[in-house]
Structures are given as C-alpha cells and as structure tokens.
Amino acid sequence: MLKLIFKNLWNRRRKYAWLFIELILVTALSWYIIDPAAVSIADAAMDLGYDADRLAVVEINTLNKKSASFSEAEADSTAQTANFERLMYKIRHYDGVERAAAIPYMSELNAPSISLNQYRTKNPADSIVKSANVLTFWPGQEYLETIGLKSMPGSPDTEELSATAHRPKKEVIITESFARMFWPDGKGTGKYFYDDEDSIKVVGVVSDFRYQNFNRTNCAVFVFWNRLRHPVQKFNVIVRLKPGTDPDSWAREFAANARRNINTGNYYVCSATPQLDIIAETESMYGISTERNTKLLLAVFFLVNLVLGVIGSFYLQTRRRVTEMGVHRSFGASRRNIIAILMGEGFALTTVSFIIGDMLYLQYALKYGLDTGFGNNIMYNIINNWVTNFNEHFAIISAVVYVILMACVAIGVYLPARSVSRINPVDALRNK
C-alpha cells in the first residue's frame, strides 16, 4: 500500500504542488505563533516551590504625627518595641493564621525591588561571576517556615536558621539550585563566597522556589537583615494560613477588623492581600498578563484559521477523487483500503512538507534564537529546562506543530474519505 500511496502522490504532484507549498508555509508560521504561546504557558505552569495559595501579605505602617489618632506616648522606641511585639502576637493568633513573620518593607515575594547580586568563589573554575536574586529578612522571625521552604540534607533546619535573633553580617542562606552552580552535590553549607573585602559564609541551603512567578530561575540568596531596630516605621507581615482557609475571605475580614482588633499603638494595618493577588498585580504591572493573553489569543485565532484552512483544502482535494476511488472499488478495494490510501497520502504529504518547513524555521531559530519568555535576560534563565535548552526546545515545539498539522489533515481527509469509500463503483464510473 505504501508503494501505491507514493505512486499516487507522484502522479498527482502538479495538483498537490500548491497544497505542498501551503503546508510548508503553514509549518513555519505555526512555529512562529505557537512557540511564544507554549513558552508563556510553560512559565505560568512551573512550580513556584511554595504554597502560594495559602499565603497573604499584611502591610503595616505608622500613623503620621498629624493624624488625630496619633499618640505621642506610643512614639518612643520602648513603646514601639512593645507595640511591635503585641501586633505580631495578635496577627499570629488571629483566626485562620498558622504562621506569621515580619519582614522589611518591599522584601516580600514578587516585590519589584528585589536586588540582583553577583557571587563567586576562590576556585579558579568559578572565575565567572554568577548572579542570584537577593531577599532580606529579619532573623528571629519565622520567615523560611512561613514561606514553606525546606532545608536540604546537610543543612540546619529552617527553624534553626530563622530562630537566632542576630546573625553575623557575612552569613547567607541559599537555594539548592544556586548551591549546585558552585558545588555539584548541592551541599554548600559551611562553604564560602567572596567579595572584594571579605568572605561570605553559607550557613544553610533550602529548597528551590521562584521568587517571581514569571522568572525562570530558582537561584536566590537570603540575607539576614539585622537592623530590626525600633522604631520601625513601615514593614510587612507574611502570613501562612491554615489549610482550608480561603485567602480572599480571610484578607477581607482581617482588614475590616484591623482597626478594632489588630492596630496597636501607632501601628496600623494598611492592607491585607492574598499572595495570588500580589502575583496577579505584579504580572499586570510588568505587562506580563497582557503579553501572555495576547500570545494565547493570537495562537488560538491562528489555530482556528489553520484548522479550517487545512481541513478545507484536503476536503476539496479528497472529494474530487470520487471517480478514481470508484475505479479502486471496482477492482476489489475495500472501504478500509480507500480510507487508508487517502489518509496515507495526506499524512505523507504533510510529513514531507513539515520537514521542509521545520528546517526552514530552524535556520531562523539558529540566527535569532527561540522564544525564552518574558524577561529573557540570561540572569533570569538559569534553570536548565526545556525552554533554555535549544535542542530540547526545538524538538518539543516541532512535535507540537507536527501533531497539530496531522490532526488537521486527519479531520480534513477522513470525513470526505469516509463518504467516498461508501460510493457505489457503478455510480462513480457512470458520473465520470
């Protein structure tokens, strides 16, 4: 049957020429449209490394001296220290709260002000400086446990890493991915980075997480910020909710009850926001959600037209072959044989067209690169997943494009082929 299929294709090469060229162009265009949409979907689906749907961020500020509610007696450092502790006690014991940790303002996950620092070791092999995102937090707070990170083998527990009220300036905690960049076994605890003045000791390694959901990196460094000195005018509290607690309802209720039950001294609650809402707001601020939606809508629009166009082209080609298939039927070909011949021709033609179109796009990709999603700076693309691996990336998207094309051809050929295979050979020859 294969011989017959290829013989038919060769004999009908002039009639199939325009369809052959169309499929080549469709393959290249499909690549151009589907690639960014697929990368965008893959980035959004990547594991964050922490249970974001159980986190909320509470913003705390201090009353202005001109405010009618401001108390001068609560403004000295001793009173503010006591009020800080009372405020944290109230939040930690509020209904639905499992853990809570005070952190410097704008240091929460997805904050746009997170810094990007560079690190190196004295090992000659590490002459290239490597970058990581830096988050600061106050020691003595349950920060790592509240986020939900786990300590890696050989590292102290997160409770131990967070519990000490004061840590030396040159100590840091790093994520596993960043540790593996310097030490292949990922065991960086007790080892050192170096800057121009002094050494920086790694006191712990924790599980990977993405500090911003649109960046393809798990490399982060946690720096102890020992400047928890009162008065602290403004700070955030990251809250982990108990299982089963709805973050949206909890945030609304917490904010509504803040003035009566939470505000302490001159400290007051500005807002309470679920972490998922913060992620959505950050994406909106950076234009990521708009970009992602645009890519997806463009891909859907293109795919709909692709399906209709390819299906229509093959449908017309197949319907025109009623007489030819009638001849096959008159020589004893079964309905199954007719469908198999027509489907085989469509698949063979599409496969050859796809290979040529795929190779054409490969030339473009080799020159300009494949899509790497939002924020395609190399510092943000540290994770070696399929998106950043050229060969794997090209193979995966090629497979997606091929499957889509074959599905369109299957529909476009099978429906008319099924109808043609049922025709009476006598009727087909009579209408020749």
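Structure shown above.
Residues numbered from 1 in each chain as written. Predicted model: local features only at pLDDT ≥ 70, side-chain atom pairs only at ≥ 80, totals over all residues. Heavy atoms only, no water.

## Here's the deal with the pairing of strand 1 (residues 55-62)
Okay, step 1: Most of strand 1 sits out of view: seven of its eight residues are buried.
Okay, step 2: Direction of pairing for strand 1 relative to strand 9 (residues 235-241): antiparallel, over a ladder of six bridges. Following the sheet pairing, Val57 is matched in strand 9 by Ile238.
Okay, step 3: Across seven bridges, strand 1 lies against strand 10 (residues 267-274) in antiparallel orientation. Residue pairing for strand 10: Ile60 is matched across the bridge by Val269. (Buried < 20%, exposed > 50% of the residue type's maximum accessible area, 1.4 Å probe, protein only. Helix = DSSP H or I, 4+ residues; strand = E, 2+ residues; numbered from the N terminus. Pairing = 2+ DSSP bridges.)

## Thoughts on a nonpolar patch on the surface
Okay, step 1: Together, Tyr315, Leu316, Ile411, Tyr414 and Leu415 line one region of the surface with nonpolar side chains, adding up to about 470 Å² of accessible area.
Okay, step 2: Breaking the nonpolar patch down by element, the ones donating at least two residues are helix 9 (288-319) and helix 12 (390-421).
Okay, step 3: With three residues, the top contributor of residues to the nonpolar patch is helix 12.
Okay, step 4: Assignment of secondary structure puts Ile411 in helix 12. (Patch = residues over 30% accessible without salt bridge, like charges linked within 9 Å, V, L, I, M, F, W, Y side chains within 5 Å. Areas by Shrake-Rupley, 256 points an atom, 1.4 Å probe, with all protein chains shown as cover. Salt bridge = Lys/Arg side-chain N within 4 Å of Asp/Glu carboxyl O.)

## Observations concerning the packing of helix 3 (residues 77-92) against helix 7 (residues 247-262)
The relative placement of two packed helices is expressed as an angle between their axes plus a distance between the axes.
Okay, step 1: In the contact formed by helix 3 and helix 7, the axes pass within 12 Å of each other and the chain directions differ by 135°. By the angle between their directions, the pair helix 3 and helix 7 is classed as oblique. Handedness of the helix 3/helix 7 crossing: right-handed. Contacts from Leu87, Lys90 and Ile91 in helix 3 reach Phe254, Asn261 and Ile262 in helix 7. (Axes fitted to C-alpha atoms, helices over the stretch in contact; angles between N-to-C directions. Parallel < 35°, antiparallel > 145°, perpendicular 65-115°, else oblique. Left-handed = near helix turned anticlockwise from the far one by under 90°. Contact = heavy atoms within 4.5 Å.)

## What about the sheet that holds strand 10?
Okay, step 1: An order of 2-9-1-10 is seen for the four strands of this open sheet, with the pairing classed as antiparallel. Looking at the sheet topology across the chains shown, the edges are occupied by strand 2 (97-104) and strand 10. The sheet shows a mean angle of 25° between the axes of neighbouring strands, direction not considered.
Okay, step 2: Pairing analysis gives seven bridges linking strand 2 to strand 9, with the strands arranged antiparallel. Opposite Ala100, over in strand 9, you have Val239 as the bridge partner.
Okay, step 3: Its contacts with the sheet place helix 7 against strand 1, strand 2, strand 9 and strand 10, and it is angled at close to 175° to strand 10.

## Considerations on the side chain of Thr27
Okay, step 1: You can see Thr27 is positioned in helix 2 (residues 13-45).
Okay, step 2: Those residues within four positions of Thr27 in sequence are excluded, and the remaining contacts are Ser353, Phe354, Gly357, Asp358, Val401 and Leu405.

## Focus: the nonpolar core
Okay, step 1: Trp31, Leu306, Val310, Phe314, Val401 and Val413 are the most contacted members of the largest nonpolar core, which totals 36 residues.
Okay, step 2: Sorting the residues of this core by element identifies helix 2, helix 9, helix 11 (335-368) and helix 12 as the ones contributing at least two each.
Okay, step 3: Of all the elements, helix 2 adds the most residues to this core, at ten residues.
Okay, step 4: What Val401 contacts, discounting residues up to four positions off in sequence, is Thr27, Ser30, Trp31, Ile34 and Phe354. (Core = buried A, V, L, I, M, F, W, Y, C linked by side-chain atoms within 4.5 Å.)

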